[in-house]
Amino acid sequence: MGIFDGLPISRDKSYLREELSKIDESWAAARFDSLPHVVHILTSKDRERDVQILKEQSDIIEEVVDEVVHAYHGGFNKAIQNYSQILRLFSESAQDIGVLKVDLAEAKKLLGARNKQLHQLWYRSVTLRHIISLLDQIEGIAKVPGRIEKLIAEKQFYAAVQLHVQSSLMLEREGLQTVGALQDVRSELTKLRGVLFYKVLEDLHSHLYNKGEYSSSFDGHDEDGATDVQDDATSDGYTTMQVNGGDTVPRDGKIVSRQIPTWLSDSTPDEFVEAMRKSDAPLHVKYLQTMVECLCMLGKVAAAGAMISQRLRPTIREIIIAKIKAKADHVNSSRPGIGQATSSMLTGLHYLKGQLESHRLPKQKRQNGITLAGTLLAVSPVSPVMSPAGTAQMVAKELLDSVLETVVRIFENHIIVGELLELKSSQQVDLNTPKVMAADINWNPDSDASHDTGGYTLGFSLTVLQSECQQLICEILRATPEAASADAAVQTARLASKAPSKDKRSEDGLTFAFRFTDATIPIPNQGSDLIRQGWSRRGPNVLQEGYGTAAVLPEQGIYLAASVYRPVVQFTDKVASMLPEKFCQLGNDGLLTFVENFVKDHFLPTMFVDYRKGVQQAISSPAAFRPRAHAAASYTPLIEKGRPVLQGLLAIDLLAKEVLGWAQAMPKFAGDLINYVQTFLERTYERCRTSYMEAVLEKQSYMLIGRHDVENLMRLDPASACFQNSLDQGIPETNASDEETTEVEMELSDILLNLRPIKQENLIRDDNKLILLASLSDSLEYVAESIERLGKSSMKDRDQLEEKRSQKPMHHSRTSSAPSKDLASFADEYRKLSIDCLKVLRIEMQLETIFHMQEMTNREYLDDQDAEEPDDFVISLTSQITRRDEEMAPFVAGAKRNYIFGGICSIAANAFMKALVDIKSINLFGVQQICRNSIALEQALAAISSIDNEAIQLRLDRIRTYYELLNMPFEALLAFIAEHEHLFTSAEYTNLLKVQVPGREIPSDAEDRVAEILPR
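Residues numbered from 1 in each chain as written. Predicted model: local features only at pLDDT ≥ 70, side-chain atom pairs only at ≥ 80, totals over all residues. Heavy atoms only, no water.

**Focus: the overall build of the chain**
Each helix and strand counted, the chain has 36 helices and four strands in total. Sorting the 1016 residues of the chain into buried and exposed places 47% on the buried side. Across the chain, every contact between residues at least 6 apart in sequence was considered, and the portion connecting residues at least 24 apart equals 78%. Of the accessible surface of the chain, which amounts to about 51,600 Å², a share of 52% is contributed by carbon and sulfur atoms. (Helix = DSSP H or I, 4+ residues; strand = E, 2+ residues; numbered from the N terminus. Buried < 20%, exposed > 50% of the residue type's maximum accessible area, 1.4 Å probe, protein only. Contact = heavy atoms within 4.5 Å. Areas by Shrake-Rupley, 256 points an atom, 1.4 Å probe, with all protein chains shown as cover.)

This is how it looks when you write it as C-alpha cells:
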C-alpha cells in the first residue's frame, strides 16, 4: 500500500492516482535529500527530458493538493465556526458565575441572622419523624403474632421464623424496651417461639420418616405435585417467577435459579432463600434443610436433637409394624370366599399355610406313581414352603427388602439432618439455648458434638435403626435371646431338640452387637410446652411387643436366614455408600456382621445336622436301593416322565440341589455348603459302593473287570464308545477297522473261553441283583450328570460374584470360602462306578453264554431224526436273555442295553467255532441241530431293539455256513476253500477235516491238500 492511497481524490480524476503511483516515494521522505536528484539531472544524457518529467510531476502534485484542499474546505469552515461558538459560551458562563457568587454572598448574610431558629425547626422535624417511625413499628409489631399464626397455618414456617426473629430483635431496640404496650406482644412472641419450635420439629419429624408433604416417594423420585399448592405455586412445589415480560418458566425449565420452593414463597429474600432457589438438590432435601435452618434461627438445635433421638426407636418400630400390618391386611383382603367376620378371626398365617400345603411343589407325577415332591418331602429337613425356592423364603425376602428399603430412605434423611444439625450446632452462639446432655449416652466418641446436638448423631441413628432391623430379623428367624448368645454347638442341639417360642422376648431384648438400653434424654425447660402438645417424655425402654410377622410369613424359623442374608448385604452396601467419609467406619460393622455370625455359628451347624440326618435316612432306608417294582415298560431319560432312578440316589440328588440352593442364596458361605454337599455325596458314594459290592462280591465277572488285560481290551472295544459322553477314559473313537474290532473281540473271547468250565456259583444267578446293577448304573449316571450341572452352575455363580467384586468396590469385607474338592471329581467317581456296573453286566452275560454253550462239548450230534426244537441249553440261554432284557429295559438306555447284551453274539460265535474241536462226530441231523441253535440265538438277540440285527445275522450266518461245510464231500469242500479262502482261518478249515461225519470220506493227505490251497 502506497503513501498516497488515502488521498481524497474524486472519481473523475482517478488518473491522478495512477500518476502519483509513478512518483518515487523517496520524494516524500521525512528527511529529503535533494543532492542525489541534482546530481542525477546534471549527469543525465537527456537533461531536458528529465527536467520536463519533474515539471509534469510537480503539476500533478499541485493538482492533487488542489483536490485535497477542495475536499476538506467545508470541514475547515465548520470547525472554525464551532470554535468561535465555544469561546462565546465560555465568556457568558464566566459572567453568570460572577453574578451567582454575589447572590450567594447576600444569601449567606440573610441566613446567618436566623441560624438558631432554623436549627430548632430541623431538630423538631427529626424528632417527629422518629416518633412516627416508632408508632409505625409498634403498630406493625402488634400485628406480628397474628401474622406469624397465619404463616404457621399456611405452613410458611421459614417466613414465620424470619418474622419472629426480626420482631424479637426489634423489641430489643432502644426506645421500645420501655414501651408498656408491647409487654403483651413480647409474651405472645415467647409463646409463639415454643409453638413454632413444636410445629417445625413435628414437620421435620414427619419428613424424616417420609410422611411429610414434600417427602420423597418410594419409587426413588420426588413426589412432585403430591400436595395442593397455593395460587402462586406450581404443582411441583416451586413458585414460578415471571420472566421476559410475563412468560412463566415451565416445570422442567432450565432456569432453576428462578424457581422458589412453595414453602419459601412468603419469606423475605436472604442468603438462605437465594441458596435454596439456586440449589439443584431434590425437593425433600431442600425442605429438610429449611426445617433445620428454622431450628437454628430459633436457637433450638440441641432441643431438637434430643427430641429426635428420643422418638427415633418408637417411631421406626411403629413404621415397621405398620408396614407389616399393611401387608397382612393385603393378604387377608385378597382371600377368596372369606367374609369380613371370618377374616377378622383368622390370621394370614393359617390361610397361607392352608393354601401352600395344597401347592407344596410342582406336581411332577411320574409314571410309576411317585412324585419328586413326595421324595423330597420324605427326606428334606424343611417343608417345601421353607425350601430355598419356597414361598416362605420369597415372602420373607420381599418383606425384609421392603422394610430395609424403607429404613434406608429414612436413614438417608437422617444423614442430611444429622450433618446439618452438627454444622449448625457448631455455629450457634445463642447463649439462652441450654446444652442438653444425657448422663448415660455414649453414642458418639465426639462427646462435644453429641452434646451440642442433644445427643443426636449419625452413629446413634444408625445404631438404633440397625437394632430394630436386627430384632425384626430375630423374630423372623425365631431367634430367642438365649439363641443369640449361646455357643453354636449348644444352640444347634437346642434347635434340634425343641422349637423355640417367639414369646420369649423380654425387656432386655436381644443382646446382639447393637442391642442397648436407651437412656431417657432430659428435655430442656424451654421445650416443656411440647409435652403438653403430645411429645411424650417417656423413653422407649419399655417392654416391646413383636412386629407381627407371623401374620405375613407362612412359617418362621432359622432356615429363613437364607432369605434374610441377601437383603442385609444390599442394605449394608447402600448404607456404606451413603455415609459421609468421616463416618464410613460405621458401615463396616453392624447388621451384616450379626447375620453372618448367626449363619456361621447357628444356621450352618443346624443345617448340617439336619441334612446329614436326611441323607442318612435316604440311603439307609430299605427301599433306598431297591429297583422300582412297577417301572415303565420302556426307558425314558426324563425323571419327570418316569426315569427309574433309585429312591436313595434321587433323594440325595434333590437334597444336594436344595443345599446348593442355600449356597446361591448366601454366596459368602457357598464354599461351606458345597463342602456339605461333597460330604453327603461321599457318604452316598460309599453306600452305592457297598450295594454294588454286595451284588458282585466273589463273582467271576467282578474279578475279571479288575484284571489289567481284560480292562485294556474292554477299553479298546468299540462298544465302549457309549461311555465317551459319560467319562473320558481314553476310549478310542469308533473309527477302528473291522479287522481291529474282530481282533479285540477274539482276544477277549479267548480269555473268557479259556475260563471253561464256568461254574454256576461264580455267576450272578439272582436276576434281582442284575436289575439292581442296571438301575444303579443309570441312577449313578443321573446323579453324576446332575452333580456336573450343579458344579458348573456354582462355578458360574462364583465367577459372576468375583466379576461384580472387581467392578465395584466393597465397603465391607466379604469373602467366600472355597470348597476343598471340586464337584466334578465326584461326578467322575459316580460315573466310574456306573461304568463298572455296566462292565460287570456285559461280562456276566458273556459268561452266562459260555456257561450254557459249554454243554456242546458234552454231547454227540449223531441224532437219528431231525429235532424240532433247539437244544435245552440254548433254550435256557435264549429265555434267560429275553427275560433279563425285558427286566432291564426300563432301567437302562438303549445304548447301554446294546453294551450289556452286545457281547453275547461274538462270544457265542466264537464258542460255536471252538466247540467243533471237542465234538468227536456229527451227522446231518447234528449239523441241522447246531444251525437251529444258532437261529434260536439269533432270534433272541434280534428281539433286543437296541442291537444291530444285521451284524448278528452276519456273524451267525457265518457259523451256519461253517457247520454246513461238514455236509460237503471232500472235493466240494476243497473247491469251496479255494473260492473262499479268507472266509475262515486255516485252523478253522483244518478242524472241519478232523470231525467224524458219517458217510464222508477224508483222504489221508487231506490236510496237506487244504494247506496247499490256503495262503501261507
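Moving on, there is more to tell.
**Focus on a nonpolar patch on the surface**
Together, Trp-27, Phe-32 and Leu-54 make up an exposed nonpolar region whose accessible area comes to about 250 Å². Here Leu-54 lies in helix α3 (residues 47-112). (Patch = residues over 30% accessible without salt bridge, like charges linked within 9 Å, V, L, I, M, F, W, Y side chains within 5 Å. Salt bridge = Lys/Arg side-chain N within 4 Å of Asp/Glu carboxyl O.)

**Some remarks on the packing of helix α28 (residues 823-853) against helix α31 (residues 903-918)**
The contact between α28 and α31 brings their axes to 9 Å, and the two run at 30°. It follows that α28 is roughly parallel to α31 by the angle criterion. The two elements α28 and α31 meet at a crossing, and its hand is right-handed. Contact residues: Arg-842, Met-845, Gln-846, Thr-849, Ile-850 and Met-853 in α28; Gly-903, Ile-904, Ser-906, Ile-907, Ala-908, Ala-911 and Phe-912 in α31. Classifying every residue of the contact of α28 with α31 gives eight nonpolar, four polar and one charged. (Axes fitted to C-alpha atoms, helices over the stretch in contact; angles between N-to-C directions. Parallel < 35°, antiparallel > 145°, perpendicular 65-115°, else oblique. Left-handed = near helix turned anticlockwise from the far one by under 90°. Nonpolar A, V, L, I, M, F, W, Y, C, P; charged D, E, K, R; others polar.)

**Remarks on helix α10 (residues 301-333)**
Taking 1.5 Å per residue as the helical rise, α10 with its 33 residues ought to reach 48 Å, and the 45 Å between its terminal C-alpha atoms agrees with that figure. At Leu-312, α10 is bent by approximately 45°, the largest bend along its length, and proline Pro-314 sits one to four residues beyond. (Expected span 1.5 Å × (residues − 1). Bend = angle between axes of the 7 residues up to and from the residue.)

**Overview of the packing of aromatic side chains**
This structure, assessed with the given rule, holds 18 aromatic pairs. Where Tyr-559 meets Tyr-611, the ring centres are 6.4 Å apart and the plane angle is 65°; that geometry is what we call edge-to-face. Within this pair, whereas Tyr-559 is found in the loop between α19 (529-532) and α20 (561-578), its partner Tyr-611 is found in helix α21 (residues 591-620), the two being separated by 52 residues in sequence. You can call Tyr-559 buried: its relative accessible area is 6%. Judged by its relative accessible area of 0%, Tyr-611 falls in the buried class. Look at Phe-723 and Tyr-899: their rings are 4.8 Å apart centre to centre, the planes differ by 65°, and that puts the pair in the edge-to-face class. In this pair, Phe-723 is assigned in the loop between α25 (708-716) and α26 (738-753) and Tyr-899 in helix α30 (residues 894-901), connecting sequence segments 176 residues apart. Each member of the pair, Phe-723 as well as Tyr-899, is classed as buried. The structure contains a cluster of three or more aromatic residues connected by ring pairs, namely Tyr-559, Phe-603, Tyr-611 and Trp-662. Over the ring of Tyr-899 we find Arg-842, and its NZ or CZ is 4.7 Å from the ring centre. (Phe/Tyr/Trp six-rings, centres within 6.5 Å; stacked < 30°, edge-to-face > 60°. Lys NZ or Arg CZ within 6 Å of the ring centre and 35° of its normal.)

**Let's talk about the packing of helix α16 (residues 458-477) against α20**
For the pair α16 and α20, the least separation of the axes is 11 Å and the interaxial angle reads 170°. One finds that α16 runs roughly antiparallel with respect to α20. Across the interface between the two elements, Leu-462, Gln-466, Ile-473, Ile-476 and Leu-477 of α16 pack against Ala-561, Val-564, Val-568, Phe-571 and Val-575 of α20. Of the residues belonging to the contact of α16 with α20, the class tally is nine nonpolar, one polar and no charged.

**What to know about helix α8 (residues 271-278)**
Two residues of an α-helix separated by three or four positions point the same way, owing to the 3.6 residues in each turn. Three or more residues of α8 are buried, namely Phe-272, Val-273, Met-276 and Arg-277. One side of α8 carries all its buried residues, which in axial view fall inside an arc of 140°. Of the exposed residues in α8, those oriented more than 90 degrees away from the buried face are Glu-271 and Lys-278. In this fold, the buried residues of α8 make contact with α6 (157-171), β4 (260-261) and α9 (283-298). Near the N-terminus of α8, the side chain that reaches the backbone nitrogen of Phe-272, with its oxygen 3.3 Å away, is that of Asp-270. (Arc of directions from axis to C-beta. Polar contact = N/O pair within 3.5 Å; in protein donor to acceptor, adjacent residues only side chain to side chain.)

**Concerning the pattern of salt bridges**
Applying the stated criterion to the full structure yields 30 salt bridges. The salt bridge involving Lys-657 is made with Asp-653; its shortest N-O contact spans 3.2 Å. Of the two residues, Lys-657 and Asp-653 are both situated in helix α22 (residues 647-665); the distance of four residues between them amounts to about one turn of the helix. Measuring nitrogen to oxygen at the nearest pair gives 2.8 Å for the salt bridge that ties Asp-885 to Arg-897. Of this pair, Asp-885 sits in helix α29 (residues 872-888) while Arg-897 sits in helix α30, and the two are twelve residues apart along the sequence.

**Side note on the environment of Phe-680**
Along the chain, Phe-680 falls in helix α23 (residues 670-696). For Phe-680, a relative accessible area of 5% corresponds to the buried category. Sequence separation between Phe-680 and Ile-652 is 28 residues; the distance between their C-alpha atoms is 7.8 Å. The residues touching Phe-680, leaving out its near neighbours within four places in the chain, are Phe-608, Tyr-611, Arg-612, Val-615 and Val-659.

**Some details on unusual backbone geometry**
Residue Pro-757 follows Arg-756 across a cis peptide bond; omega there is 0°. Within the secondary structure, Pro-757 sits in the loop between α26 and α27 (767-807). Of note in this structure, Asn-210 is not a glycine but carries a positive phi near 60°. Examined against the element boundaries, Asn-210 turns out to sit in the loop between α7 (183-208) and β1 (238-239). A relative accessible area of 12% places Asn-210 in the buried class. Located in the positive-phi region is Glu-698, a residue other than glycine, with phi close to 65°.

**Overview of a negative patch on the surface**
A surface patch of negative charge is lined by Glu-56, Asp-59, Glu-62 and Asp-66. Residue placement: Asp-59 occurs in helix α3. Exposure remark for Asp-59: the relative accessible area of 46% places this residue in the partly exposed category. (Lys, Arg positive; Asp, Glu negative; His and termini not counted. Charge placed at Lys NZ, Arg CZ, Asp CG, Glu CD.)

**Some details on the environment of Ala-159**
On the secondary structure map, Ala-159 appears in helix α6. In this structure the C-alpha to C-alpha distance between Ala-159 and Ile-148, which are eleven residues apart in sequence, comes to 8.2 Å. When sequence neighbours within four positions are dropped, the list of residues in contact with Ala-159 reads Leu-151, Asp-266 and Ser-267.

**Quick notes on the state of the cysteines**
Disulfide: a covalent bond connecting the sulfur atoms of a pair of cysteines. Applying the stated criterion to the full structure yields zero disulfides. Of all cysteine sulfurs, the one in Cys-294 lies closest to Cys-296, which takes part in no disulfide; the gap is 10.0 Å. With no disulfide of its own, Cys-837 has Cys-688 as its nearest cysteine by sulfur position, at a separation of 8.7 Å. (Disulfide = S-S within 2.5 Å.)

**Thoughts on the confidence of the model for the chain**
Averaged over all residues, the pLDDT of the chain is 77; the fraction at 70 or higher stands at 75%. For residues 481-543, every residue scores under 50 in pLDDT, and the model assigns this stretch 122 contacts once sequence neighbours within four places are set aside. (pLDDT = per-residue confidence, 0-100.)

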